[in-house]
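Structural overview for review
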Amino acid sequence: MVGPRPVVLTGPSGAGKSTLLKRLIKEFEGVFGFSVSHTTRNPRPGEENGKDYHFVTRDVMQKGISSGEFIENAEFSGNMYGTSKAAVHDVQAKNLICILDIDMQGVKNIKRTDLNPIYISIQAPSMEILEKRLRDRKTETEESLQKRLSAARIDMEISQEPGLFDAVIINDDLEEAYSKLKSALIVEIVKVQDSRKD
Ligand SMILES: Nc1nc2c(ncn2[C@@H]2O[C@H](COP(=O)(O)OP(=O)(O)O)[C@@H](O)[C@H]2O)c(=O)[nH]1
Ligand SMILES: Nc1ncnc2c1ncn2[C@@H]1O[C@H](COP(=O)(O)OP(=O)(O)O)[C@@H](O)[C@H]1O
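Computed from a prediction, not measured in an experiment: that's the story for all the values here.

Moving on: a nonpolar patch on the surface. A cluster of nonpolar residues, Ile186, Val187 and Val190, forms a patch on the protein surface that exposes about 240 Å² of accessible area. Of note, Val190 is situated in helix 7 (residues 174-197).

With that settled, consider the UniProt feature "domain: Guanylate kinase-like" (unreviewed entry) in the protein chain. Per the UniProt record, "domain: Guanylate kinase-like" (unreviewed entry) is found at residues 4-186. The span residues 4-186 is 42% helical and 21% strand by assignment, and the distance between its end C-alpha atoms comes to 12 Å.

Attention now moves to the packing of aromatic side chains. Think of a pair of aromatic rings as described by two things: how far the centres are apart, and how the planes are tilted against each other in angle. Applying the stated criterion to the full structure yields 4 aromatic pairs. Put simply, the rings of Tyr53, Phe55, Phe76 and Tyr81 pair up and form one aromatic cluster. In this arrangement the basic side chain of Arg23 is found over the ring face of Tyr178, its NZ or CZ atom lying 4.2 Å from the centre. Of note, Lys111 hangs over the ring of Tyr119, and the distance from its end group to the ring centre comes to 4.1 Å.

Before going further, it helps to spend a moment on the site of ligand 2. Close contacts around ligand 2 come from 13 residues, with Gly14, Lys17, Ser18, Thr19 and Asn171 the closest. In this structure, Gly14 approaches ligand 2 through a main-chain N or O atom, which is 2.7 Å from an oxygen atom. About the coverage of ligand 2: the protein hides 74% of its 560 Å² of free accessible area. For the shell around ligand 2, the secondary-structure elements that each account for two or more residues are helix 1 (17-27) and helix 5 (127-137). It is helix 1 that contributes the most residues to the shell around ligand 2, 3 residues altogether. Here the residues of the shell around ligand 2 are counted per class, giving 3 nonpolar, 6 polar and 4 charged.

Turning to the sheet that holds strand 1 (residues 7-10), a few remarks are in order. Backbone-to-backbone hydrogen bonds join strands into a sheet, with any given pair of strands oriented parallel or antiparallel. Sheet architecture is open: 5 strands sit in the order 2-7-1-8-9, paired in parallel fashion. Sheet topology places strand 2 (32-34) and strand 9 (167-170) at the edges, where each strand pairs with a single neighbour. If you compare each strand with its neighbour and ignore which way they point, the axes differ by 25 degrees on average. Bridge count for strand 2 against strand 7 (residues 97-101) is 3 bridges, and the pairing is parallel. What sits directly across from Gly33, in strand 7, is Cys98.

Our focus in this paragraph is the side chain of Ser121. Note that Ser121 resides in strand 8 (residues 118-123). Within polar-contact distance, the side chain of Ser121 engages the side chain of Gln123 at 3.1 Å. Non-local contacts of Ser121, meaning those with residues more than four positions away in its chain, are made with Thr10, Ser159, Phe165, Ala167, Val168 and Ile169.

Conventions used here
- Residues numbered from 1 in each chain as written.
- Chains lettered and ligands numbered in written order.
- Predicted model: local features only at pLDDT ≥ 70, side-chain atom pairs only at ≥ 80, totals over all residues.
- Heavy atoms only, no water.
- Patch = residues over 30% accessible without salt bridge, like charges linked within 9 Å, V, L, I, M, F, W, Y side chains within 5 Å.
- Areas by Shrake-Rupley, 256 points an atom, 1.4 Å probe, with all protein chains shown as cover.
- Salt bridge = Lys/Arg side-chain N within 4 Å of Asp/Glu carboxyl O.
- Helix = DSSP H or I, 4+ residues; strand = E, 2+ residues; numbered from the N terminus.
- UniProt positions renumbered as here; feature names shortened; annotations may be inferred.
- Phe/Tyr/Trp six-rings, centres within 6.5 Å; stacked < 30°, edge-to-face > 60°.
- Lys NZ or Arg CZ within 6 Å of the ring centre and 35° of its normal.
- Near = heavy atom within 4 Å.
- Polar contact = N/O pair within 3.5 Å; in protein donor to acceptor, adjacent residues only side chain to side chain.
- Nonpolar A, V, L, I, M, F, W, Y, C, P; charged D, E, K, R; others polar.
- Pairing = 2+ DSSP bridges.
- Axes fitted to C-alpha atoms, helices over the stretch in contact; angles between N-to-C directions.
- Contact = heavy atoms within 4.5 Å.

Below, the structure is given as structure tokens:
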């Protein structure tokens, strides 16, 4: 299908991906659509099934993977996560820019597909600030927090690999990070907005 290029947002848990993408989707209503992933983790307060994630059991997820329903899937912090073909197709069918919020394993797997997205890494200014933000978010147990911090160290290192990302954005000041994100995507945003004028 020929449509706008999707966007992959990745980066450590707590770096600010959800905060930034929610703002983007709100400001550019009718331009972006979120790829709703499947996960086996429990919903957090306020999260909606089918909107934030499709919350499923390991059994359901395994069966979906076996029957080829997923573009990519990964194990993160003790839970399974994956992008179904339907999640991306649903957004692209509306001619919207599809945003995927996935981890580094997902990035490596998407690179082997023909999706051709814009790859953006969101990073916190330091491990200390990342830990503080994650603790203040109050969504994780100590065990899950430690797993996320270990994954974050690896993510921070890999994100520096030359050529892996179209943009690496340090989310220190939120306004600045949001402006940089918009700048990285402006060409695709304008294309979609122009196509609506025809
Ligand atoms: N590979 C992959 N990673 C995903 C997917 N959905 C979410 N993730 C990643 O899983 C990690 C944990 O997500 P989540 O439990 O929502 O925690 P949070 O990122 O701390 O809010 C994050 O790095 C997400 O980007 C997916 O479909 N595939
Ligand atoms: N620039 C920022 N300055 C301070 N706090 C931030 C900033 N960006 C995000 N946060 C906060 O940090 C926490 C983690 O952000 P979140 O968007 O949930 O990260 P992610 O989706 O990458 O796991 C949230 O509580 C969010 O409100």
